Amino acid sequence: NALYYLGGARPEQLNPLVRLTGTSETVVAGAPVAPLVDGPAPPFGIWNARSGSLIYSASVGGKSGILEARPGQPPRFIAGGGTETNEAEGKSVTDLTIYGISAFTIDGEGRIIIADVFRRRILVAGSDGKVSILKTQGGDQVVFAPLGTFSTLQRITADSAGNIYWYSDGATPTGGVFTATVSAWSRATQAVTSFTVVGLAAITRMEDGTAVVIAGNSGTFRRVIRLTPNGLG
């Protein structure tokens, strides 16, 4: 198994796609110039092994959302692309209007978890396609409003237990290393905790369902660290 992630900027190759196999890193793809992206987060895709399809965020026909592409079939919206702009709770996820390209993840049960930056919330679409807004045990809406350096860090992921993790804010102190705050929502307790990650480069999920961060002090010294609702593993 290999882990794919976006590497740091280089003079000749900005944000290259890197493949980590064991302890060996290989640059798979890169760009001579920084790509221009329309939206609050870079578009990216997830391969859904359950359905054998690629799921990705994009704007199509003037509408933004999350699309599914299967071999031999045109892409279709599975979240967003609709006209509903009012309350999302209980609505069909494909009826919603989603502003901007969204960061999203899929948990172990196939739920689509959408980081809605425009409305500062996290949406969860269940297997029935109905939407719920992520809340704490007390009923307060979980706020998603990343601050600081967005770059590729405006990400969200979930582990196999349904716990949700996202980048909240970050900054680089003078002469120091980019330091970020990662927030976690526990499915068991519905509590939100936050913790510090020094040198955060990416948030992602491994094939076995483990949520991880890639972090370190430079492009040549990074580690893959497990995430738990209580902090770094």
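Residues numbered from 1 in each chain as written. Predicted model: local features only at pLDDT ≥ 70, side-chain atom pairs only at ≥ 80, totals over all residues. Heavy atoms only, no water.

Taking strand neighbours across the sheet as the criterion, the four strands line up as E8-E9-E10-E11 in an open arrangement whose pairing is antiparallel. The sheet terminates laterally at strand E8 (103-106) and strand E11 (131-133), the two strands that pair on one side only. Taken over all neighbouring pairs, the strand axes of this sheet differ in orientation by 25 degrees on average, direction set aside. (Pairing = 2+ DSSP bridges. Helix = DSSP H or I, 4+ residues; strand = E, 2+ residues; numbered from the N terminus. Axes fitted to C-alpha atoms, helices over the stretch in contact; angles between N-to-C directions.)

So, on to the sheet that holds strand E7 (residues 76-80). Pairing in this open sheet of four strands is antiparallel, and the strands run E4-E5-E6-E7 from one edge to the other. Only two strands of the sheet have a single partner each, and these edge strands are strand E4 (45-48) and E7. Direction aside, neighbouring strands of the sheet carry axes that sit 35 degrees apart on average. Examined bridge by bridge, E4 and strand E5 (residues 53-60) share four bridges and lie antiparallel to one another. Within E5, the position partnered with Asn48 by the bridge is Ser53.

Below, the discussion takes up the pairing of E5. Remark: a regular strand shows side chains that alternate across the two faces of the sheet. Hairpin connection, E4 to E5: the antiparallel pair is bridged by four residues, and Gly52 has positive phi, about 65 degrees. For E5 and strand E6 (residues 63-69), the ladder comprises seven bridges, and the chain directions are antiparallel. Bridge pairing links Val60 to Lys63 in E6. As consecutive antiparallel partners, E5 and E6 are separated by two residues, and within that stretch Gly61 has a phi angle of approximately 60 degrees, a positive value.

With the rule as written, the count across this model stands at two aromatic pairs. Judged by centre distance (6.4 Å) and plane angle (40 degrees), the ring pair of Tyr167 and Phe178 falls under tilted. Remark: Phe178 occurs in the loop between strand E14 (164-171) and strand E15 (179-185) and Tyr167 occurs in strand E14; sequence separation between them is 11 residues. On the accessibility criterion, Phe178 (13% relative accessible area) is buried. (Phe/Tyr/Trp six-rings, centres within 6.5 Å; stacked < 30°, edge-to-face > 60°. Buried < 20%, exposed > 50% of the residue type's maximum accessible area, 1.4 Å probe, protein only.)

Moving on to the environment of Ala215. Along the chain, Ala215 falls in strand E18 (residues 211-218). Look at Ala215 and you get buried, because its relative accessible area is 4%. For Ala215 and Phe178, which are 37 residues apart along the polypeptide, the C-alpha to C-alpha distance reads 9.7 Å. If near-sequence neighbours (up to four positions away) are discounted, Ala215 is found in contact with Val197, Val198, Gly199, Leu200, Ala201, Phe221, Arg222, Arg223 and Ile225. (Contact = heavy atoms within 4.5 Å.)

Next up on the list: the pairing of E15. Extensive coverage of E15 is indicated by the burial of five of its seven residues. Looking at chain direction, E14 and E15 are connected through seven bridges and run antiparallel. Paired with Tyr167 across the two strands is Val182, which belongs to E15. Here E15 runs beside strand E16 (residues 192-198); their pairing, made up of seven bridges, is antiparallel. Within E16, the position partnered with Trp185 by the bridge is Val192.

Moving on, we get to the nonpolar core. Counting residues in each nonpolar core, the largest one holds 16 residues, and the members touching the most others are Ile55, Ile66, Val93, Ile112, Ile114, Leu123 and Val131. Secondary structure elements with two or more residues in this core: E7, E8, strand E9 (112-116), strand E10 (121-125) and E11. Counting residues in hydrophobic clusters, the runner-up holds 15 residues, among them Tyr165, Ala184, Phe195 and Ala215. (Core = buried A, V, L, I, M, F, W, Y, C linked by side-chain atoms within 4.5 Å.)

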